[in-house]
Amino acid sequence: MGNGSDLPAMGGNKGDESLGITCPITRRDFVNGALAASGVFALAGCGSSGGTGGSVNGPSGSAWTGFGGVGDYQWSNGNTEAVVHAAHGIRDGLYDTASAGAVDEEFDLIVVGGGFTGLTAVYEFTKGAKPGQKALLLENHPFPGGEAKQNELDVDGIRVVGPQGSNGAAEIVPALQGTPYEVYGNYFRELDIPLTYDLQQLGGGAEKLELPNEHFDSMFPTSLAPLNYYFGPGKWAKNPARQDFANTPWPANEQRDLADFVHNRRDLISKEADPDRWLDSMTYAELLKKLGYGDRVIDFVDPYLAVGLFGVSSEAISAKAVSIVGLSGTKPADAPPKRGGIHAMSFPGGNAAIYRAMLRKVAPGSFAPQTTTDQLLVTGPAKLAALDMPGNQVRVRCSSTVVRVEHEGDPRTAGHVIVTYIKDGKPHRARAKSVVVAAGGWVARRMVRDLSPEFTQAFSGLRYGPVLVVNVAVRNWRWLAKLGLPGVRTFSGGIFWHVTARQNFALGSDKRTMTPDDPMMLTFYIPVLTRGQDPDIQGALARTQIMEWSYADIERRLRTQMNDIFGPSGFDAKRDIAGIVVNRWGHAYSAPRPGFFYDKDGGPGPIDLLQKPHGRVVFCHSEYEGRQSMANAMLQGRRGARDALDIMNG
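Residues numbered from 1 in each chain as written. Predicted model: local features only at pLDDT ≥ 70, side-chain atom pairs only at ≥ 80, totals over all residues. Heavy atoms only, no water.

### Overview of the sheet that holds strand E18 (residues 520-526)
Here is step 1 of the chain: Spatially, 3 strands are ordered E18-E15-E19 in an open sheet, and the strand pairing comes out antiparallel. Either end of the sheet is taken by a strand with one partner, and the two such strands are E18 and strand E19 (577-590). Adjacent strand axes in the sheet meet at a mean angle of 20° when their direction is disregarded.
Here is step 2 of the chain: Direction of pairing for strand E15 (residues 464-474) relative to E19: antiparallel, over a ladder of 10 bridges. The residue bridging Gly465 from the neighbouring strand is Tyr589, located in E19.
Here is step 3 of the chain: Docked against the sheet, helix H9 (residues 295-309) engages E15, E18 and E19, running at close to 90° with respect to E19. (Pairing = 2+ DSSP bridges. Helix = DSSP H or I, 4+ residues; strand = E, 2+ residues; numbered from the N terminus. Axes fitted to C-alpha atoms, helices over the stretch in contact; angles between N-to-C directions. Contact = heavy atoms within 4.5 Å.)

Structure follows, in structure tokens:
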């Protein structure tokens, strides 16, 4: 499932026209690679109605990056070809001589990386800096946000939006206090984001469905969310988890295993004196085997581990890391739910909404003064030029790839750090009293050139997994509603394994009544699993797969599978798909191996060292919390900023 083994040959085939791949986009003219007029595509269906949005690689022009959608993020859909090329240049030593030249600028603080960790760091800097102190944030993508970005498309006059990656916020409730979400909750209030939202009104039969507001709850392996399981042509099962899987074609022993797993009925952890250290001594697959579960349970849980948590299979993940979300076996059988009292929620574009609100606080000119809450949180255009104005306390500089970070002298005694970055093909150098490296370890270990052997060793033990997120704008979703439930999970092979319709907050164009006849953005979180391979390289193997696929390869596989599954209920890819945007995240998740949290000899794990300053350089990233997520990124960004402020002002 989702392992890429059935990938068709690259290039077109005779079935492309029937899938809608060969139909052109109806679009406005381009001027020097940028959209003219209002800067949006007018998307229409194919066949009798016009063109699709899937086959034109605009605006990037890259057959690998593919179509980018419209709005602020059209040049920044996942790791684009340009971003990947620049990052691989660091790995391959292309910039090793780029440090020559004079220093262009000086700042008190430079932050490397514009995801939630980096933005939180400069946000905390604005709260703790002394008068006159300045900061520079360097971001390698054309638009900041890390994975907290969104895709936007216009379909039949309606703007539809979906998350590129980061998704699944939490409702602001008292239960957040004392949890990793406490800092997130405090920021939510500081950023003047409304705490509650009305959901879209439902009609046309949509009101009969149990529509979720967010994507991940129905994907969670122990969820009882409404789902149809698909096992092949004509083979469906309705809400199997609610029936202990008795209506599935699986053997009785596997049904029993799955029911026990979903309800956490098997318990070994209660006998352990030091359960966390015990969990960190084994992979999650090993724990499941100890509990007596067979391969069916592992097959059942692995896709979620890949798309929602770690990017790899249970064979490659510390059971302690899995315990962070409380999956079965990592807590006593009588333990309360891990998220007791905390409820997930999602904005139309995922966590991009929260990022945009924080960006406005850091750079007040980034959005027009008259920008409404709807526009800020969904599709109001940002003013990119305002991010890097000379008078800003924090300057945010996009399309700037940092290639070297090194102290001016011995890291133990140096007074400044030099940062070299590439922008518009030219090297630039900036000096700072402190640097926060808010980038993942896969690049941090290469860009910081004066690491001690201890830091180098700590970084060498980190592993990562990818994820592929594909947003598909459909002209209607009658064919999904006809199945009687909002979501489908497939066990028949193919590129995707799960999809669900959702009821958005009533923001922007979603203030309209939602019916199955309306356009919708469907978000596919696609696992790429390499189970059975060396656990140390599963993430790298999966990453290689998604890097080898062209946009057309992914589009063709997705359209074909959607036709196969949903065609009998009325779906036609050529007619019903208005546009597809592919977002590749090569290092979407940290993948903590056993020993990540506790050294095998009883000492601290590598993350303890990596959270200590290296001279005037501070490393912070959500991976050091054991799981990459928005809330953990905020925790790390706050810590990094406070450490840097101490260094600057010490």
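### Quick word on the nonpolar core
Here is step 1 of the chain: Counting residues in each nonpolar core, the largest one holds 86 residues, and the members touching the most others are Phe261, Tyr284, Val435 and Phe619.
Here is step 2 of the chain: When residues of this core are assigned to their parent elements, the largest contribution, 8 residues, is made by H9.
Here is step 3 of the chain: The residues touching Val435, leaving out its near neighbours within four places in the chain, are Leu109, Ile110, Val112, Val405, Val417, Val419, Arg616, Val617 and Val618.
Here is step 4 of the chain: The next biggest cluster of nonpolar side chains, apart from the first, holds 64 residues, and it includes Ala129, Leu191, Ala352 and Leu645. (Core = buried A, V, L, I, M, F, W, Y, C linked by side-chain atoms within 4.5 Å. Buried < 20%, exposed > 50% of the residue type's maximum accessible area, 1.4 Å probe, protein only.)

### A closer look at the packing of aromatic side chains
Here is step 1 of the chain: Following the criterion strictly, the structure yields 28 aromatic pairs and no others.
Here is step 2 of the chain: On the numbers, 5.4 Å between centres and 80° between planes, the contact of Tyr123 with Tyr187 is edge-to-face. Here Tyr123 is found in helix H3 (residues 116-128), whereas its partner Tyr187 is found in helix H4 (residues 182-190), with 64 residues between them in sequence.
Here is step 3 of the chain: Residue Tyr123 is classed as buried on the basis of its relative accessible area, which comes to 6%.
Here is step 4 of the chain: Relative accessible area serves as the criterion here: at 2%, Tyr187 is assigned to the buried category.
Here is step 5 of the chain: Measuring from centroid to centroid gives 5.7 Å for Tyr181 and Tyr184, while their planes differ by 85°, and the two rings are edge-to-face.
Here is step 6 of the chain: Residue class for Tyr184 comes out buried when judged on its relative accessible area of 0%. (Phe/Tyr/Trp six-rings, centres within 6.5 Å; stacked < 30°, edge-to-face > 60°.)

### Brief notes about the pattern of salt bridges
Here is step 1 of the chain: Evaluation of the coordinates by the stated rule reveals 36 salt bridges.
Here is step 2 of the chain: Note that Asp276 is salt-bridged to Lys320, the shortest N-O span being 3.5 Å. Taken together, the residues Asp276 in helix H7 (residues 275-279) and Lys320 in helix H10 (residues 319-323) connect sequence positions 44 residues apart.
Here is step 3 of the chain: Residue Asp536 pairs with Arg593 through a salt bridge whose shortest N-O separation is 3.1 Å. Placement of Asp536 in the loop between E18 and helix H16 (538-548) and of Arg593 in the loop between E19 and helix H19 (606-610) is noted, with a sequence separation of 57 residues between them.
Here is step 4 of the chain: Judged by its relative accessible area of 21%, Arg593 is partly exposed. (Salt bridge = Lys/Arg side-chain N within 4 Å of Asp/Glu carboxyl O.)

### Remarks on helix H6 (residues 252-262)
Here is step 1 of the chain: Here H6 lies mainly inside the structure; 8 of its 11 residues are buried.
Here is step 2 of the chain: Among the residues of H6, Glu254, Gln255, Asp257, Leu258, Ala259, Asp260, Phe261 and Val262 are the ones counted as buried.
Here is step 3 of the chain: Taken from the residues just after H6, Asn264 is the one with a positive phi, measuring 50°.

### Brief notes about H9
Here is step 1 of the chain: With 15 residues, H9 should cover 21 Å at 1.5 Å per step; its first-to-last C-alpha distance of 20 Å lies within 8% of that length.
Here is step 2 of the chain: Of all the bends found along H9, the most pronounced is centred on Val301 and spans about 30°, while Pro303, a proline, follows it within four residues.
Here is step 3 of the chain: Burial analysis of H9 places 12 of its 15 residues in the buried class, which makes it a mostly covered element.
Here is step 4 of the chain: Gly311 occupies a position one or two residues after H9 and carries a positive phi of about 80°. (Expected span 1.5 Å × (residues − 1). Bend = angle between axes of the 7 residues up to and from the residue.)

### Comments concerning the side chain of Gln74
Here is step 1 of the chain: Mapped onto the elements, Gln74 comes out in the loop between strand E2 (34-35) and helix H2 (81-91).
Here is step 2 of the chain: Polar side-chain contacts of Gln74 include one of 3.2 Å to the backbone oxygen of Gly71. (Polar contact = N/O pair within 3.5 Å; in protein donor to acceptor, adjacent residues only side chain to side chain.)

### Let's talk about the state of the cysteines
Here is step 1 of the chain: Tallied over the full model, the rule gives 0 disulfides.
Here is step 2 of the chain: Counting only cysteine sulfurs, Cys620 is the nearest neighbor of Cys398, a cysteine outside any disulfide, at a range of 18 Å. (Disulfide = S-S within 2.5 Å.)

### Points about the environment of Gly539
Here is step 1 of the chain: Tracing the backbone through its elements, the reader meets Gly539 in helix H16.
Here is step 2 of the chain: As for Gly539 and Gln393, which are separated by 146 residues in sequence, their C-alpha atoms are 39 Å apart.
Here is step 3 of the chain: The residues touching Gly539, leaving out its near neighbours within four places in the chain, are Val312, Tyr464, Gly465 and Pro466.

### Things to note about unusual backbone geometry
Here is step 1 of the chain: Phi at Ser399 takes a positive value of approximately 50°, unusual for a residue other than glycine.
Here is step 2 of the chain: With respect to the helices and strands, Ser399 occurs in the loop between strand E11 (394-397) and strand E12 (400-407).
Here is step 3 of the chain: Residue classification places Ser399 among the partly exposed residues on the basis of a relative accessible area of 32%.
Here is step 4 of the chain: Positive phi values are uncommon outside glycine, yet Asp424 reaches one of about 55°.
Here is step 5 of the chain: Here Asp424 shows up in the loop between strand E13 (417-423) and strand E14 (426-437).

### Side note on the confidence of the model for the protein
Reading fine detail from the predicted coordinates is not recommended where pLDDT is low.
Here is step 1 of the chain: Across the protein, the average pLDDT comes to 89, with 91% of residues at or above 70.
Here is step 2 of the chain: The model gives residues 1-11 a pLDDT under 50, and that stretch makes 30 contacts with residues more than four places away or in other chains.
Here is step 3 of the chain: For the stretch residues 24-55, pLDDT sits under 50, and the model shows 84 contacts to residues farther than four places along the chain or on other chains. (pLDDT = per-residue confidence, 0-100.)

### Topic: the side chain of Thr523
Here is step 1 of the chain: With respect to the element layout, Thr523 can be found in strand E18.
Here is step 2 of the chain: The buried category is assigned to Thr523, whose relative accessible area is 3%.
Here is step 3 of the chain: Here Asn471 takes part through its side chain, which lies 2.5 Å from a polar atom of the side chain of Thr523.
Here is step 4 of the chain: Those residues in contact with Thr523 that lie beyond four places of it in its chain are Gly162, Pro163, His215, Val469, Val470, Asn471 and Val499.

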